[in-house]
Amino acid sequence: QKEVEQNSGPLSVPEGAIASLNCTYSDRGSQSFFWYRQYSGKSPELIMFIYSNGDKEDGRFTAQLNKASQYVSLLIRDSQPSDSATYLCALSGGGADGLTFGKGTHLIIQP
Amino acid sequence: KAGVTQTPRYLIKTRGQQVTLSCSPISGHRSVSWYQQTPGQGLQFLFEYFSETQRNKGNFPGRFSGRQFSNSRSEMNVSTLELGDSALYLCASSSGDVRPEAFFGQGTRLTVV
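Keep in mind that what you see is a predicted model, and the values were worked out from it rather than measured.

## Topic: the state of the cysteines
Residues and elements named next belong to chain A. Overall, the coordinates contain two disulfides over all chains when judged by the stated rule. Bridging Cys23 to Cys89, the disulfide has an S-S length of 2.1 Å. Every disulfide takes its handedness from the sign of the S-S torsion; for Cys23 and Cys89 that torsion is -70 degrees, giving left-handed. With Cys23 in strand E3 (residues 19-25) and Cys89 in strand E9 (residues 85-92), the pair connects residues that are 66 residues apart, well separated along the chain. In this structure Cys23 comes out as buried when scored by relative accessible area, which is 1%.

Structure below.
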């Protein structure tokens, strides 16, 4: 049974600072890792995905993966109030299985 | 490029009734997955269809079923509705090949009374 753990928050970060969101997972066979952003009342929106150990950067976002420690994180630089949302960590074992989601971290960027 | 389209957006049904939800994936995508989202359980995988075949299934009772058509559009059916089936039902579209990035539709908010 795959499990994905996230701190539910809320995580409060001042505007302009770096927001750090973390996720741990139980299944060592997991191959693909995703970060989704979900605004209240909206559907999840894919922000980043990562397959290999290390860092992957896209604009203000950096995803970090450490398979040995079963840990994936998302860094948001220069946080903006519009980044306030719930961030969902998800993983896939590859092949035909669906995504397993964590319950999300509620992020609040304080102006 | 059009996104994932789910209809209807909102539904209110009575216990014991059945309901059918529809999802049209991104053009060219052959995989459609369905998820249930509730405040208590979060996002949970229901099933995935690829080329009209169910490829994988989550841990939901048989009252939840689905199908996919030759144009990749998918429907999800829930029979004998229970109060606990009230949730946001999300459909995710992906290419279905080795890259499993999934893109969600706006969802259908189902309320069972």
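## So, the nonpolar core
One finds A:Phe33, A:Trp35, A:Val72, A:Leu74, A:Ile76, A:Tyr87 and A:Leu107 to be the most contacted residues of the largest nonpolar core, which totals 23 residues. Elements that contribute at least two residues to this core include exactly E3, strand E4 (32-38), strand E5 (45-50), strand E7 (61-66), strand E8 (71-76), E9 and strand E11 (105-110) of chain A. When sequence neighbours within four positions are dropped, the list of residues in contact with A:Val72 reads A:Leu21, A:Asn22, A:Cys23, A:Phe33, A:Trp35, A:Ile50, A:Gln64, A:Leu65 and A:Cys89. Of all hydrophobic cores here, the second largest spans 21 residues; its members include B:Val4, B:Tyr49, B:Met76 and B:Val112.

## A short note on the pairing of E3(A)
Residue and element names in this part refer to chain A. Of the two faces of E3, the one lined by Ala19, Leu21, Cys23 and Tyr25 is fully buried and the one lined by Ser20, Asn22 and Thr24 carries no buried residue. As judged from the two bridges shared by strand E1 (residues 4-5) and E3, these two strands associate in the antiparallel manner. In the sheet register, Val4 faces E3, and the bridge partner there is Tyr25. Both E3 and E8 contribute to a ladder of six bridges, which runs antiparallel. Following the sheet pairing, Thr24 is matched in E8 by Tyr71.

Conventions and cut-offs
Here the residue index of a chain counts from 1 through its sequence in written order. Here the convention is simple: chains get letters from A, ligands get numbers from 1, in the order in which they are written. Two thresholds apply to this predicted model, a pLDDT of at least 70 for residue-level local features and 80 or more for giving and counting side-chain atom pairs, whereas whole-chain, interface and lining totals are computed over all residues. Think of the side-chain values as coming from all heavy atoms in the structure, minus any hydrogens and water. Whenever a pair of cysteine sulfur atoms sits within 2.5 Å, that pair is classed as a disulfide. By the criteria applied, helices consist of DSSP H or I runs no shorter than four residues and strands consist of E runs no shorter than two, each listed in order from the N terminus. Remark: exposure states derive from per-residue accessible area (1.4 Å probe, protein chains only) relative to the maximum for the residue type, with buried under 20%, exposed over 50%, and partly exposed in between. The term nonpolar core refers to a set of buried residues drawn from Ala, Val, Leu, Ile, Met, Phe, Trp, Tyr and Cys, joined through side-chain atoms within 4.5 Å. We call two residues contacting when some pair of their heavy atoms lies within 4.5 Å. Strand pairing follows a simple DSSP-based rule, namely that at least 2 bridges must link the two strands.

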